[in-house]
Amino acid sequence: STSIIIFGLPLTFRDADLTNLIPPTDSTLSPTSASIIMDKQSGVSKGFGFMNYDSEETAKSALNFLQCECELTKSSREITCKFSITQRAHSPTPNYLLRL
């Protein structure tokens, strides 16, 4: 897969914050697109988002970075990163993804 889904993000996160999880000094891991999934009614983040890459190899390297070296995943907040079979959220978002 060339798409990574990231759960447990702060509700204040926006698309640029998601992109900034990858340090600008490592442009090889920069995603081709990144999006935070927002609640359509409230405009508040649902706490997860997608990062998309051109190649599976780059996506694997980015996933490894996000799981092992990313400052956010080292914090006390529980962040989960894995490959996604889709590049955007399902509509409506299944409850198990929202951790309700």
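This one's a predicted model, so the numbers in the text were calculated from it and none came from an experiment.

Caption draft 1: Here's a closer look at the pairing of strand β2 (residues 33-38). As judged from the 5 bridges shared by β2 and strand β3 (residues 45-52), these two strands associate in the antiparallel manner. Bridging across to β3, Ser-33 finds its partner in Asn-52. In this structure, the hairpin formed by β2 and β3 is closed by a connection of 6 residues, where Gly-43 is found at a positive phi of approximately 75°.

Caption draft 2: Looking closely at the sheet that holds β3. Read across the sheet, 4 strands follow the order β2-β3-β1-β4 without closing on themselves; strand pairing throughout is antiparallel. Each edge of the open sheet is held by one strand with a lone partner, namely β2 and β4 (80-83). With strand direction ignored, the average angle separating the axes of adjacent strands in the sheet is 20°. Judged from the 5 bridges that link them, strand β1 (residues 3-7) and β3 form a sheet pairing that is antiparallel. Opposite Ile-5, over in β3, you have Phe-50 as the bridge partner. Contacts between helix α2 (residues 56-68) and the sheet are confined to β1, β3 and β4, with β4 contributing the most and set at about 165° to the helix.

Analysis parameters
- Residues numbered from 1 in each chain as written.
- Predicted model: local features only at pLDDT ≥ 70, side-chain atom pairs only at ≥ 80, totals over all residues.
- Heavy atoms only, no water.
- Pairing = 2+ DSSP bridges.
- Helix = DSSP H or I, 4+ residues; strand = E, 2+ residues; numbered from the N terminus.
- Axes fitted to C-alpha atoms, helices over the stretch in contact; angles between N-to-C directions.
- Contact = heavy atoms within 4.5 Å.

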